[in-house]
Every structure is written in C-alpha cells, then in structure tokens.
Amino acid sequence: MSSKNNRHFNTRVIHAAQTPGDWQGATLPPICQSASHLHPTAENLSATFGGKTTDHIYMRLTNPTNRVLEEKLTSLEGGKGAVAMSSGMAAVTNGCMALLRAGDEFVCGNSLFMSTYVLFCNIFKKYNITAKLVESTDLKAMEQAITEKTRFIYLETIGNPKMDVPDLAAAAKIAHQHGLPLLVDNTLATPYLCRPLEIGADVVIHSTTKYLSGHGDATGGIVIDGGNFDWSKSSRFPDFKPFIDRKGPLAYLDKVWREHHINFGTTQAPLHSYLTMVGLDTLALRMERHLTNASEVVSFLSKRPEVKWINYPGLPANPSFKTAARQFEQKGFGGLLAFGLTDQEACFKFINNLQMIYHLANLGDCKTLVIHPYSSQYLSFDEPTRQKLAITSDLIRLSVGIEAVEDICQDIGQALDRL
Ligand SMILES: *Cc1c(COP(=O)(O)O)cnc(C)c1O
C-alpha cells in the first residue's frame, strides 16, 4: 500500500484507490446503483451502525462507487479521508456547517465564488452566523478579524474572477496560532497545481464539477480532511468531544458526514462519481494543456488594442504573481483569466461574435468557455457587492480549454476584429 502511495501524482490520478478487487476484474469501478445493501446477520448490521465495519447501509450514507472517488481524491490531496457530495455547494455548506453554531464567526477572503458568497453573507446571517470578509492576500486584516467567536479561516486558492492568490502557508500559520483550522476551496487550482494540505491547510473542499471531472458532464463536491488538526487541543471546539471520542484525528470528517451530509441528504449519485473518475484519469494531461494554453491566450490578448486590461496571476505585474509562482511550484497559474473591453456593450458584442468558444456558466471544462459575469451570475447583486467581488461591467471571464491554442486565439481575434 505504501509503495502505491509513493507513486507520482500523474500515476496516482489514474491508479490510486482503483483496485479492481472483487469487481470481477473490471478496470473501472462499477456504478453501484443500489439504494441499500444486504447484511448477512442482525449482528453485522448493528456493528455497521456502530461504526465497527465499513460496510454500506444505505445510499444516502455511503456508496461503493462514491467511496472509490473519496479514496482517490484523498490520495491526490494528501488527506486522511473524504466525503463525496452532490455538488460543490453541498461540500461548501456541509464543510462549514459542521464547524458553526448560532452566534459563531469565521474569517474568509472577499473574492468568494458567487454561491459561496450568498451562503456566507446572506443565508448564514439568518442564523446569526457572521462571515468576516477580508482581502484574501491581507494577512494582517485576516488576523485582526479573529475574535473569541471565530471558528475557522476560509480561503479559495484562486479567486474567481478576482484572480487573487492567498499565501496559504502563512494563513495556516495565523490560523493555528489562534487554535483555528484553515479550510481551502481548491477547485480552481486542483491538486495538480496546489495541494493545500501539504502546506498547512486542514481541510480541502472541491467542486468536482469543474477541472476534476473536466468534461461538463457531472456535478459533484467533496470535503477532504487532512486529519492533522488537534480538535481536543483548541479550546474553541467543546462540541467536538463525541466526534473526537469516536474518530480521533478524523473527528471533523465524522461531524461533516454524521451530522450534516447524512441528515441534509447531500448524497452524490454514483453515476456522477463514476463520470468524475473517468475524467480524473486525464487530469494531469488536461491541466498541463490548460496552463500552457491560458498563458498563450494571455500573451495573445496583451497584444490586442481592444483589450484594456488583463487579470491573470501569471503576469509578473499581477499582485499575486510571486505567491502564485511559489505556491504552484512554477507549474503554471491556472486556466481561468479575466480581461476588460471598453464597456458592457463591447463585451456583449465580443461574446456574440465568437464562433467556437462556448458561452455558458461553467469553468474548468476541456472546452474554452466565456461569460460576462456582471450581467449573468451577478445580475441580482447590488453595486457595492459587485465592486467588492471585482465584478465590473467591462469584464469578460475566460476559462481556457484544451483545444489547439491557435484556434482559441483565432476565435478571440476574429471576435475582437469585429467589435
Ligand atoms: C463551481 C464552484 C463551486 C460550487 O460548485 P458546484 O459544483 O457548482 O455546486 C464552489 N467553489 C468554487 C471555487 C467553484 O468554482
């Protein structure tokens, strides 16, 4: 087992956890489409409910196909355990709710994913839970926002579409000095580019809908526990006692699963886990191409007079350049970028002029995708909030795919020519 875990990342994306075992030699985990599972004896079912076996009971609790995905992503992120869920938002919700009680606070970056922003700032507020938003790269503000009511720090590896890259190792240090865990939404970087648990974070959350599945065919989310945070040592978590007694270092994951995932019913469909795993096989190859294509598209855009500004962490003048280069180990700077045209009218015209690039609300697909966030996902947001999230009316967001980069640039070029 240990030799398997020592294999390189590019091998583990394909082989980790994928032991054909008792699936009659199948090379892919079968889609186990069964709502519940037989138990040989009454003693066995009782033991399983008591957590003494890892047998399956009922699909809302666990599922054999989902478990392979959980083991695979645990390996890729260098964690100790994971729970797969129906969407990235299910993972964000459960991952945070497991840590929150009415009256609690947490500190988070202010460039949050749109639905995460709504959850943190609007929905949690109804339960007297306060999200303290700070500039994700401002470590001083992050530390100053911590009070005795704080329960965690939450960051995204790359802001969307703000493109800010927080220093995760430094943030983890601050969190730990105050007895707090650091939760990181690693969707935009993927474990190919960054493994937050290895540099100090305690929990990683993903929307598997994006780069991990990679083909725009399945939704999903996952919470991965690093298993290194000592919940008993921090005085902030008296409510963790029964979970510590039961699962020790995996107390948090047990709480996420037992208290929230099961009872909120955020079950992942095994078909979606299966599709995600088929997609995962090519993650490393796809990421290589996403990264090189994105940087070539950035050079192409930088030569066009119609493009007023470009926001991409790979540009040396970008405030996040140094942190991103170090944190992503010089492998690249992500597949997402934002750029500005004259105004909203020019953005609409640009999008309508495109011939190959898909216009839709998603990212991380193998196809190149474009959107004007101001008039779509953020349409109902008020102006000050849009400003806080860096959503301006002149902004185009591009998720660079893995097509031949000449064709991506050709399409962008002809759409700019006809503005
Ligand atoms: C898409 C996304 C989510 C939400 O994931 P869904 O699968 O759409 O629910 C959360 N965080 C980030 C950074 C995302 O890009």
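Trainee: Just to check I follow, could you spell out the packing of helix 4 (residues 64-77) against helix 12 (residues 270-280) for this structure?
Mentor: In a packed pair of helices, the relevant descriptors are the angle between the two axes and the axis-to-axis distance. At a closest axis distance of 8 Å, the pairing of helix 4 and helix 12 adopts a crossing angle of 40 degrees. Considering only the axes of helix 4 and helix 12, their crossing is left-handed. Where helix 4 abuts helix 12, its residues T65, N66, V68, L69, K72, L73 and L76 lie against P270, S273, Y274, T276, M277 and L280.

Trainee: Help me understand helix 8 (residues 168-177), please; the structure alone is not making it clear to me.
Mentor: Residues separated by three or four positions in an α-helix point in the same direction, a consequence of the helix having 3.6 residues per turn. For helix 8, the set of buried residues is L168, A171, A172, I174 and A175. For helix 8, the angular spread of buried residues about the axis comes to 160 degrees, placing them on one side. Opposite the buried face of helix 8, by more than 90 degrees, sit the exposed residues K173 and Q177. In this structure, the buried residues of helix 8 make contact with helix 7 (139-144), strand 4 (150-156), strand 5 (182-185) and helix 14 (321-327). The backbone nitrogen of A169 has a side-chain oxygen 3.3 Å away, supplied by the residue at the start of helix 8, namely D167. Directly beyond the C-terminal end of helix 8, a positive phi value near 70 degrees is found at G179.

Trainee: Any chance you could explain the environment of P242 here in plain terms?
Mentor: The residue P242 is located in helix 10 (residues 241-247) in this model. Among the residues examined, P242 registers a relative accessible area of 43% and is labelled partly exposed. Taking the C-alpha atoms as reference points, P242 and D254, separated by 12 residues in sequence, lie 9.9 Å from one another.

Trainee: Help me out: how do you make sense of the sheet that holds strand 5 in this one?
Mentor: Two pairing modes exist for strands in a sheet, parallel and antiparallel, and in both the strands are linked by backbone hydrogen bonds. Spatially, seven strands are ordered 1-7-6-5-4-2-3 in an open sheet, and the strand pairing comes out mixed. The open sheet has two free edges, formed respectively by strand 1 (81-85) and strand 3 (130-134), since each of these has just one partner strand. Put simply, the sheet's adjacent strands are angled 20 degrees from each other on average, direction ignored. Relative to strand 4, strand 2 (residues 105-109) runs parallel, the two sharing three bridges. Counted as the bridge partner of V107 is I153 from strand 4. Sitting on the sheet, helix 11 (residues 251-264) is in contact with strand 1, strand 5, strand 6 (203-207) and strand 7 (221-225), with an inclination near 25 degrees to strand 1.

The rules we used
- Per chain, residues are indexed from 1 in the order of the written sequence.
- Per-residue local features of the predicted model are confined to residues with pLDDT of at least 70, and side-chain atom pairs are confined, for both listing and counting, to 80 or more; whole-chain, interface and lining totals are unaffected and use all residues.
- With hydrogens and water excluded, all non-hydrogen atoms of the structure serve as input to the side-chain values.
- What counts as an axis is a line fitted to C-alpha atoms, over the stretch in contact for a helix, and the angles between N-to-C directions run from 0 to 180 degrees.
- Secondary structure counts use DSSP, requiring at least four H or I residues in a row for a helix and at least two E residues in a row for a strand, with both numbered from the N terminus.
- Note on convention: the crossing is left-handed when the near helix lies turned anticlockwise from the far helix by less than a right angle, right-handed when the turn is clockwise.
- In what follows, residue pairs with any heavy atoms lying within 4.5 Å of each other are defined as contacts.
- Burial classes follow relative accessibility: with a 1.4 Å probe on protein chains only, a residue under 20% of its type's maximum area counts as buried, one over 50% as exposed, and anything between as partly exposed.
- Think of it as the arc spanned by the lines of direction from the helix axis to the C-beta atoms.
- Throughout this description, a polar contact denotes any pair of N or O atoms lying within 3.5 Å of each other; where both atoms belong to protein, one of them has to be capable of donating a hydrogen while the other can accept it, and for residues adjacent in sequence the pair is counted only when both atoms sit in side chains.
- Should DSSP find at least two bridges between two strands, the strands are taken to pair.

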